[in-house]
Amino acid sequence: GPLPTEVGRAKQLQYLYLSSNNLSSGIPDTLGNCDSMEYIELDQNFLSGSIPASLGSIRNLQVLNVSHNRLSGSIPKSIGSLMYLEQLDLSFNRLEGEVPEIGIFKNVTASWVDGNKGLCGGAAKLHLPACPVIPSNSTKHVTSTVLKVVIPLVSMVSLAVVISVLLFWRRKRKKIYMSLPSFGRKFPRVSCHDLDRATDGFSTSNLIGRGGYSSVYKGRLLQDGTIVAVKVFTLETRGAQKSFIAECNALRNVRHRNLDPILTACSSIDSKGNDFKALVYEFMPKGDLHALLYSALGDENTSNSERITLAQRLSIVVDVADALEYLHHDNQGAIVHCDLKPSNILLDDNMTAHVGDFGLARFKAGPTQSYFGDSNSASSTVIKGTIGYVAPVSVAGDIYSYGIILLETFLRKRPTEDMFKDGLSITNFVEMNFPAGISQIVDSDLLQDRPVATKEKDLDCLVSVLNVGFCCTKLSPSERPNMHEVAASLHGV
Ligand SMILES: *[C@@H]1O[C@H](CO)[C@@H](O)[C@H](O)[C@H]1NC(C)=O
Ligand SMILES: *[C@@H]1O[C@H](CO)[C@@H](O)[C@H](O)[C@H]1NC(C)=O
Ligand SMILES: *[C@@H]1O[C@H](CO)[C@@H](O)[C@H](O)[C@H]1NC(C)=O
């Protein structure tokens, strides 16, 4: 059915994700009243009618995707005046008429209009046919002057725009290239070719992980035998390029014992002429926390010594808290990880935890500003990440994810488990059993076969730790402790 006109009353709504439904009729005019809106994704529906010009009054709009619909009519020029618009996808509709040449429309890498038969004009790079000029008798002279003067001028300006966009890209690329040596602390220089050989041509037998934007391979460098993890970005996936850049930027200036250290990066063109981008990390032999928690499950042969002890789990959550405290507070401009989950927590030989996978990381303005509650400060954050661990409020979101991971580590229960539904979450579950029932709900491995005296101490410790996790997840974003406080409490335990 149609998108109701009442949507315009949702003044606080920031994200409207209704992709791949069966919405029909027109996009209501009233949508333009949603002042807080940042993301509108209505792609893959059956929307018809024209795009309302009122969308041009949603000041904060960053992404508008109405591709794969049946929208007709012309493109409202007002969209070109949206200052914060970063991506505009109007592709595969029935739009016609002139493509505006202002704002987002000037940037052909950020706006998509392909798959519309009737469009003309627009930035030269779009290669659309020129719009027909309809001369009327009285203005014939003017028109010919326009043709003689304006067209060369417009072509020169578009050429200049194209050249400056190209220069801009080159500079951006160069920046990535130039930053590479700073990664390579005491690390042999490797080429993309070396990486290819180190991983047997990125063979599937060396594949150790796969994410939305990348695949990770284990490899041994021929130079000095170092074992590395090579993360290759799947650049065909939209967003992968952004993810590579986000990760480079996030890791360029960070150094912390609990962050997965990046050794070098590599960016080139492969033998088939495709772009190739990869990041090289130290290999973490003990795998990730998710595998560690669950691989032993159902495996009869796992001896007690292979299970992770209370002390080890405590040390892991403290390591992660230290890493997050550093990211949130010790940088010029805090870094928000945005995708914390057990599989992004990697363990080295000494079982020291390292936070990895910064492909969704975001920078926040300054560490001194208020992180919470302010809806504007969250404007650079996108709801991405993995279901079960994500709350959509930037720094507070990282803290929430952290809390969930902490509870999960000691309960050995995934937040997405079947039992957590109909209002019961891992947080409520802990709350309901706190503190008397804690011994019943924690991972049974933890308290098994422990002498009575130690058991008591262990339980005290568990109660204190789970309380921290509980505060991170139960309290509202503005009341949540920050990572300074979280790390301090855990070190206390
Ligand atoms: C949605 O549209 C598709 C394609 O027209 C159709 O097959 C499907 O039944 C529709 N679903 C609903 C719930 O109407
Ligand atoms: C818009 O939606 C289409 C179809 O779902 C998708 O392929 C495309 O990547 C989206 N565009 C942007 C800019 O995200
Ligand atoms: C064009 O869009 C791309 C992708 O969103 C963005 O990175 C770039 O900064 C934009 N270029 C200009 C000149 O605004």
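Residues numbered from 1 in each chain as written. Chains lettered and ligands numbered in written order. Predicted model: local features only at pLDDT ≥ 70, side-chain atom pairs only at ≥ 80, totals over all residues. Heavy atoms only, no water.

As annotated in an unreviewed UniProt entry, the protein is Receptor kinase-like protein Xa21 from Aegilops tauschii subsp. strangulata.

1. What about the pattern of salt bridges?
Pairing is possible between side chains of opposite charge, provided their charged atoms come close. Within the structure shown, the criterion is met by eleven salt bridges. Here aspartate 357 makes a salt bridge to lysine 231, at a shortest N to O gap of 3.0 Å. Remark: lysine 231 occurs in strand β11 (residues 227-233) and aspartate 357 occurs in the loop between β16 (353-355) and β17 (362-363); sequence separation between them is 126 residues. Judged by relative accessible area, lysine 231 falls into the buried class, the value being 5%. Through salt bridges with shared partners, a single network forms among Arg313, Arg412, Asp443 and Asp445. (Salt bridge = Lys/Arg side-chain N within 4 Å of Asp/Glu carboxyl O. Helix = DSSP H or I, 4+ residues; strand = E, 2+ residues; numbered from the N terminus. Buried < 20%, exposed > 50% of the residue type's maximum accessible area, 1.4 Å probe, protein only.)

2. Remarks on the site of ligand 2
Residues in contact with ligand 2, as listed here, are Asp43, Gln44, Asn65, Ser67, His68, Gln87, Asp89, Trp112 and Arg238. Between ligand 2 and the protein, one listed contact pairs an oxygen atom with a side-chain N or O atom of aspartate 43 at 2.6 Å. Glutamine 44 is positioned such that a nitrogen or oxygen atom in its side chain is 3.1 Å from an oxygen atom of ligand 2. Contact with the protein chains removes 71% of the 360 Å² of surface that ligand 2 exposes when unbound. (Near = heavy atom within 4 Å. Polar contact = N/O pair within 3.5 Å; in protein donor to acceptor, adjacent residues only side chain to side chain. Areas by Shrake-Rupley, 256 points an atom, 1.4 Å probe, with all protein chains shown as cover.)

3. A short note on the sheet that holds strand β12 (residues 262-269)
Within a sheet, neighbouring strands are paired by backbone hydrogen bonds and run either parallel or antiparallel to one another. Judged by pairing direction, the sheet is antiparallel, and its five strands sit side by side in the order β9-β10-β11-β13-β12 without closing on themselves. In this open sheet, the two edge strands, each paired with only one partner strand, are β9 (207-210) and β12. Within this sheet the neighbouring strands show an average axis-to-axis angle of 25°, counted without direction. As paired elements, β11 and strand β13 (residues 275-282) share five bridges and run antiparallel to each other. The partner of alanine 229 across the bridge, within β13, is tyrosine 281. Together, β11, β12 and β13 form the strand contacts of helix α3 (residues 240-252), whose direction differs from that of β13 by roughly 35°. (Pairing = 2+ DSSP bridges. Axes fitted to C-alpha atoms, helices over the stretch in contact; angles between N-to-C directions. Contact = heavy atoms within 4.5 Å.)

4. Brief notes about helix α11 (residues 483-492)
Residues Met483, Val486, Ala487 and Leu490 constitute the buried set of α11. The arc that holds the buried residues of α11, viewed along the axis, is 95°, so those residues lie on one side. Against the buried residues of α11 lie α5 (310-329), α6 (394-411) and α10 (452-474). N-cap assignment for α11: the residue whose side-chain oxygen lies 3.0 Å from the backbone N of histidine 484 is asparagine 482. (Arc of directions from axis to C-beta.)

5. Things to note about the packing of aromatic side chains
Enumeration over the complete set of coordinates arrives at eight aromatic pairs. Pairing tyrosine 17 with tyrosine 39 gives two aromatic rings, centres 6.4 Å apart and planes at 75°, and the pair type is edge-to-face. Taken as a pair, tyrosine 17 in strand β1 (residues 15-17) and tyrosine 39 in strand β2 (residues 39-41) lie far apart in primary sequence, 22 residues in all. Taking the centre distance of 5.7 Å and the plane angle of 45° together, the rings of phenylalanine 202 and phenylalanine 276 count as tilted. (Phe/Tyr/Trp six-rings, centres within 6.5 Å; stacked < 30°, edge-to-face > 60°.)

6. Digging into α10
Side chains three or four residues apart in an α-helix point the same way, a direct result of the helix having 3.6 residues per turn. Between its terminal C-alpha atoms α10 stretches 32 Å, which fits the 33 Å expected from 23 residues at 1.5 Å a residue. Buried within α10 are the following residues: Asp458, Cys461, Leu462, Val465, Leu466, Val468, Gly469, Phe470, Cys472 and Thr473. Looking at the buried side of α10, the elements it contacts are α5, α6, α7 (426-432), α8 (438-441), α9 (444-447) and α11. (Expected span 1.5 Å × (residues − 1).)

7. Some remarks on the packing of α6 against α11
Between α6 and α11, whose axes approach to 11 Å, the crossing angle comes to 25°. Taken together, the axis directions place α6 and α11 in an arrangement best described as roughly parallel. With respect to the hand of their crossing, α6 and α11 are arranged in left-handed fashion. The residues of α11 that touch α6, namely those facing Ile399, Tyr402 and Leu406, are Met483, Val486 and Leu490. Residues of the contact of α6 with α11, tallied by class, amount to six nonpolar, no polar and no charged. (Parallel < 35°, antiparallel > 145°, perpendicular 65-115°, else oblique. Left-handed = near helix turned anticlockwise from the far one by under 90°. Nonpolar A, V, L, I, M, F, W, Y, C, P; charged D, E, K, R; others polar.)

8. Observations concerning the sheet that holds strand β7 (residues 111-112)
Spatial ordering of the open sheet is given by β1-β2-β3-β5-β7, a layout of five strands whose pairing is parallel. Edge positions in the open sheet fall to β1 and β7, since each of these has one partner strand only. Inspection of the sheet shows β1 paired to β2 by three bridges, in the parallel sense. In the sheet register, tyrosine 15 faces β2, and the bridge partner there is tyrosine 39.

9. Topic: the pairing of β9
Sheet topology note: the β9/strand β10 (residues 214-220) ladder contains three bridges and is antiparallel. Directly across from leucine 207, in β10, lies its bridge partner tyrosine 217. Between β9 and β10, which pair antiparallel in sequence order, lie three residues.

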